[in-house]
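What follows is the residue order along each chain.
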Amino acid sequence: MIFNLRNSIILFSLMTIILMGSLTIYSVTSIDINYFLRFLLINIFVILLVVLLFNQINLNRIFSFGWLLFLFNILLVLSVEVFGKEINGSKRWLDFGFLSLQPSEFMKITFALFAIQYLRFYSFKFSKFRTIFLLLVLFLSAIPIIAQPDLGTGLVYIFLGLMFLFICGMHRVYFTAIGIFGALLSPLIYSFGLTSYQKGRIISWFSSDQTLSEKWNILQSEISIGSGGFSGEGFLNSKQNEFNFLPEADTDFIFSIYAEQFGFIGVFLILIMLGCFIVMTTLLTMTEKRLTSDLSPYYIGTYCTLVIGFSFLLNILMVSGMIPVVGLPLPFFTKGGSSLLCFSIMLGLIFTSRGFLK
Amino acid sequence: MKDNKIHIYRTRTKILLSFFVCILTLVIVRFFYLQIIQGNELRELREQNINAFEYIYPKRGRIISRDGTVLAEDRKVFSLAIDIEQKPSEQSINKLADLFSEKIIVEDLRLKVGNSIRFRRTEIVINKLTQEDLAKYLVSGADITGFSVIEGYERQYNSHPSIFHVLGHMGYINNSDVKYFSPRISEYNSKLWSKVGKSGLERVYEQKLQGEHGKRFFQRNARGDRRVVTDISPFREGEDLSISIDFEAQKLAYELMDERKGSVVVIDLQDFSIPVAISTPSISANDLRDISSSQYQDLLNDPARPLFNRAFMGLYPPASTIKPLLTIFALNNGYTNWDETIFDDGFFRFEEEERIFNAWREGGHGLTDLEKALVESSNPFFMNLSIRYEKNLFVEFLKSSSFGSKLCEDCYPHQFSPLIDDNWKYKNFGKELYKGDFINLGVGQGYMLTTPLHLSLISGILAKKGKYELPYLVAKKQNKLSVIEDITDEDWNKLQSSLIDVIYSPNGTGYRINAGELKLAGKSGTAQVVDINSREEYDEVRVNPLLRDHAIFIGYAPYDDPRYSIAVIVENGESGGRVAGPIAKKVLEELLNDF
């Protein structure tokens, strides 16, 4: 990677996001400055480790293990049913003592790796059979995630999978078909396919009854965000956090605490940084001069960049009350091993894919 | 082929990127809306989240008698409650139940602990800890967690039953209380008070006694705990109330009634305050505080009506005690003079209706003038006068003597003596007053009814030669001097000397009181409970104690410089002179000996 202006902007914006994420985690969880340093160091260490590790490996070799990784990942997701620990009525986590992992988080990467391996074999020619096969694999592999039950992660997984196929050039007729089919099927899924917990989450988003605890979470989140005002309450001054009014302040709702501390200026800054990082990275990948006949690195690089971008936006849409609460992590903010590892791997893939091109 | 793929890839990436930028813009707009446009509103909500306050309850003012006895005060009481901040352990629950095994049932305690946690409210385990219990808890409470001793106030009254009706009582607030207090107390916030005065002075002076709540502001977290007190607003304790009751005399009066039903009311003629107002039977005000609802029902249904304040509410025919007042009316309007005599043969014949009215003494008083009629209480003399009364003048006179109007601003509950006029009779009997009615009215029977308070005031009017103010218990509200129709000083002197003769002349109906050096002047009366037409019936009636006549006495002392006026009513006491009179004498002696 060459350190020109554009790359510097990308790195700078990424580092800002990571730094702000670590600061916010620190402000939510602890008053000890060592904790912040440790968290920041772990963050950077993991990211660097993964990125460097991926740089050493030939991307083609990773692709050749695609189906194996995917299969292994599905098995991990299934094993959660047996070994997992239960939180909020759903089993999502595998506890390794020092680290608890949510295997479903990694599905969005391994599916892409699997699809790359499969499609590359056929030079990315989407025949009717291959298209339907890939779609079937995507939908079927989402079932164990949704069954955990974790509707949010499952749906996001499907959308991201479709986005990957979209980038790879799947015919648009299928997207139209899936769209129509999904719209027709959703009432049936709602009636028969969802648990009461999931229904509660959806109902709370549509109803104005504020006593529902989900609605209360969103309200508290909006209160945090709004209290930040233009310039914010200042670092470590989130009262909503201090008085525990915001549930899951260190995971799903961490951005509300960020918004309360740093105000609209802080939010604007972080979104501009995100925009810079995503748009610049994507444009740079896309407009690479020496496009080879094998487009798979571009596909995976673009895909990972957009996954980070959309994950970020989905989480923020969620905490600001614009979409239902679906339990999505905020990249580089949310405290949690799986999310950090997952997004580090994506960064690794992004940088490797570009490095590979050089 | 390759170019086509690159083209598709680039196009689609651009689509996704545009989509991303759109959502990014949307998010910025959303945050602009939340943080800039709604920012202040949401921050206000956050302050409501965090900042809360609780009320600091003021101590209610004391009620103190004229002679300095504290009749009512708020005492600090300690109660054992479940601490909201920490959950009691199973061990602590068992230990506490063992410690107070006679007061706590373990199952109840568990239920209360459960409720306390579920609803996040303070549940009282033991209400009003005794000193002993408190000591027991403090000694062994160190290893009992999850409970705390909380402070509160409880109204403590002097337990003597004589004082209950004057003080009244406190009770849990209800809609009718809110309706009562709202117009009387400015900016009344009924939600702040759980208990309010239900009757007596506690009700009339609620505002003065209650004081003002303070607020303790604190910050709390989402669970409601971690309290950091940020500010305390000042609060005002209730003001003490000094009342005109002379507690020694009040107690004496109650005891002299000796469990008979009735009432004693004394008015201090210097300022028209009320030093004695008792109603018997009565109860201790503390009893009513701790009573169960079934016991309360029993009290309400008690035929002796201990909760009924006879002093301000009881309506009795004044009987002969109204004669001195009506004498003023008769003299002023020229219906009679001190020289007119009639022959009293024991009954009065009403020619127009051919009715005969019996008087109390068989054979009558013989040749009778006005003075003798007062001293010996001749009914035929006054009946003979009353058929001459002109209706309008009579009603006007009653009005000027405070019939039909409120007598006392701070007596509660309060009933006024009805003004007997055409309206009243029409309302109650559908007819107008006619001449025959006046025969009964003229001797304080029939429709005429007065409260003991009013009778005491009438006695005061006689003592002060027609000048009077309205009596009161606490506040002297620009009392205006009233004057009833004036008669000459000579007439007043004659009237008053007749009242002295009632007590000191051997013929007087009050001679048996043996007033001695008290310098008592007065008038006795015996009010018929049932209409009796013959002597035989009268003897029958005497057998049933509840149908016996009421004994009434009004008077004032000392007669040369009147200081106190008194009215005594003993229900079914039969003889005003012999039964009610001695009570009046002893109460007045007690009051006058104070000085």
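Residues numbered from 1 in each chain as written. Chains lettered and ligands numbered in written order. Predicted model: local features only at pLDDT ≥ 70, side-chain atom pairs only at ≥ 80, totals over all residues. Heavy atoms only, no water.

## Remarks on the nonpolar core
F255(A), I300(A) and L347(A) are the most contacted members of the largest nonpolar core, which has 121 residues in total. Among the elements that take part in this core, helix α12 (residues 254-286) of chain A stands out by supplying 16 residues, more than any other. In terms of nonpolar packing, the next biggest core, distinct from the first, is built from 92 residues, L331(B), L407(B), Y468(B) and L473(B) among them. (Core = buried A, V, L, I, M, F, W, Y, C linked by side-chain atoms within 4.5 Å. Buried < 20%, exposed > 50% of the residue type's maximum accessible area, 1.4 Å probe, protein only. Helix = DSSP H or I, 4+ residues; strand = E, 2+ residues; numbered from the N terminus.)

## Structural notes on the interface of chain B and chain A
How big an interface is tends to be stated in terms of accessible area lost as the parts join. Each partner contributes residues to the interface: chain B has 39 residues there, and chain A has 62 residues. Summed over both sides, the interface of chain B with chain A buries roughly 4,500 Å², with 73% coming from carbon and sulfur. Connecting chain B to chain A are 4 salt bridges. Measuring nitrogen to oxygen at the nearest pair gives 2.6 Å for the salt bridge that ties E260(A) to R46(B). Across the contact surface, chain B and chain A share 15 residue pairs in polar contact (both at pLDDT 80 or more). (Contact = heavy atoms within 4.5 Å. Buried area = accessible area lost by both parts, 1.4 Å probe. Salt bridge = Lys/Arg side-chain N within 4 Å of Asp/Glu carboxyl O. Polar contact = N/O pair within 3.5 Å; in protein donor to acceptor, adjacent residues only side chain to side chain.)

## A short note on the state of the cysteines
Scanning the model with the defined rule gives 1 disulfide over all chains in all. A sulfur-sulfur distance of 2.1 Å marks the disulfide that ties C408(B) to C411(B). Taking the sign of the S-S torsion, about 75° here, the bridge from C408(B) to C411(B) comes out right-handed. The two residues C408(B) and C411(B) agree in class, both being buried. In this model C276(A) remains outside any disulfide bridge; the closest cysteine sulfur is found in C22(B), 17 Å from its own. A relative accessible area of 27% means that C276(A) is categorised as partly exposed. (Disulfide = S-S within 2.5 Å.)

## Quick word on the domain arrangement of chain A
Residue and element names in this part refer to chain A. When the domains of chain A are assigned, the result is domain 1 (1-56 + 214-358) and domain 2 (65-194). Taking only C-alpha atoms, the centre of domain 1 and the centre of domain 2 are 23 Å apart. Every contact between the two is made by 23 residues of domain 1 and, on the other side, 24 residues of domain 2. For the domain 1 and domain 2 pair, buried surface summed over both sides reaches about 1,900 Å², with 77% attributable to carbon and sulfur atoms. (Domains from an automatic or database assignment.)

## Examining the sheet that holds strand β21 (residues 564-570) of chain B
Residue and element names in this part refer to chain B. What the 5 strands build is an open sheet, ordered β12-β11-β21-β20-β19; its pairing is antiparallel. If you trace the sheet from one side to the other, it starts and ends with β12 (273-280) and β19 (521-527), each paired once. Between one strand axis and the next, the sheet turns by 5° as a mean value, whatever way the strands run. Note that strand β20 (residues 550-557) and β21 share 7 bridges and pair antiparallel. Residue pairing in the sheet places F553 in a bridge with V568 of β21. Contacts from helix α10 (residues 247-257) reach β11 (262-268), β12 and β21, with the element oriented near 30° to β12. This element, helix α21 (residues 489-504), spans β19 and β20 of the sheet and lies at about 70° to β19. (Pairing = 2+ DSSP bridges. Axes fitted to C-alpha atoms, helices over the stretch in contact; angles between N-to-C directions.)

## Quick word on the packing of aromatic side chains
Applying the stated criterion to the full structure yields 46 aromatic pairs over all chains. Consider the rings of F332(A) and F343(A), whose centres lie 6.0 Å apart with planes at 55°: the pair is tilted. With F332(A) in the loop between α13 (296-319) and α14 (337-357) and F343(A) in helix α14, the pair connects residues that are 11 residues apart, well separated along the chain. No difference in accessibility class separates F332(A) from F343(A), as the two residues are buried. A ring pair is formed by F394(B) and F438(B), whose centres lie 5.2 Å apart and whose planes are at 80°; its orientation type is edge-to-face. Linking F394(B) in helix α17 (residues 391-400) with F438(B) in helix α19 (residues 435-441), this pair joins segments that are 44 residues apart in sequence. Overall, the relative accessible area of 4% leaves F438(B) in the buried class. An aromatic cluster is defined as three or more aromatic residues linked by ring pairs; in this entry it consists of F70(A), F111(A), F114(A), Y118(A), F121(A), Y122(A), F129(A), F133(A) and Y157(A). Taking the ring centre of Y122(A) as reference, the NZ or CZ of R130(A) above it sits at 4.0 Å. (Phe/Tyr/Trp six-rings, centres within 6.5 Å; stacked < 30°, edge-to-face > 60°. Lys NZ or Arg CZ within 6 Å of the ring centre and 35° of its normal.)

## Details of the packing of helix α14 (residues 323-332) of chain B against α21(B)
In a packed pair of helices, the relevant descriptors are the angle between the two axes and the axis-to-axis distance. All names here are of chain B. Taken N-terminus to C-terminus, the directions of α14 and α21 make an angle of 155°; their axes are 11 Å apart at the nearest point. One way to sum up the angle between α14 and α21 is to call them roughly antiparallel. The two elements α14 and α21 meet at a crossing, and its hand is right-handed. Contacts between α14 and α21 involve P324, T327, I328 and L331 from the former and D491, W492, L495 and L499 from the latter. Looking at the contact of α14 with α21 residue by residue, the classes come out as 6 nonpolar, 1 polar and 1 charged. (Parallel < 35°, antiparallel > 145°, perpendicular 65-115°, else oblique. Left-handed = near helix turned anticlockwise from the far one by under 90°. Nonpolar A, V, L, I, M, F, W, Y, C, P; charged D, E, K, R; others polar.)

## Comments concerning a nonpolar patch on the surface
The grouping of F65(A), W67(A), L68(A), L69(A), L71(A), L75(A) and L78(A) at the surface amounts to a nonpolar patch, some 660 Å² of accessible area in total. When you line up the elements, F65(A) lands in the loop between α3 (59-64) and α4 (66-83). (Patch = residues over 30% accessible without salt bridge, like charges linked within 9 Å, V, L, I, M, F, W, Y side chains within 5 Å. Areas by Shrake-Rupley, 256 points an atom, 1.4 Å probe, with all protein chains shown as cover.)

## Here we look at the sheet that holds strand β8 (residues 214-219) of chain B
All names here are of chain B. Read across the open sheet, the 3 strands follow the order β1-β8-β9; overall the sheet is antiparallel. Edge strands, defined here as strands with exactly one partner in the open sheet, are β1 (51-56) and β9 (228-232). Sheet twist, expressed as the mean angle between neighbouring strand axes with direction ignored, is 30°. By the bridge criterion, 4 bridges tie β8 to β9 in an arrangement that is antiparallel. Bridge pairing in β9 places F218 opposite V229.

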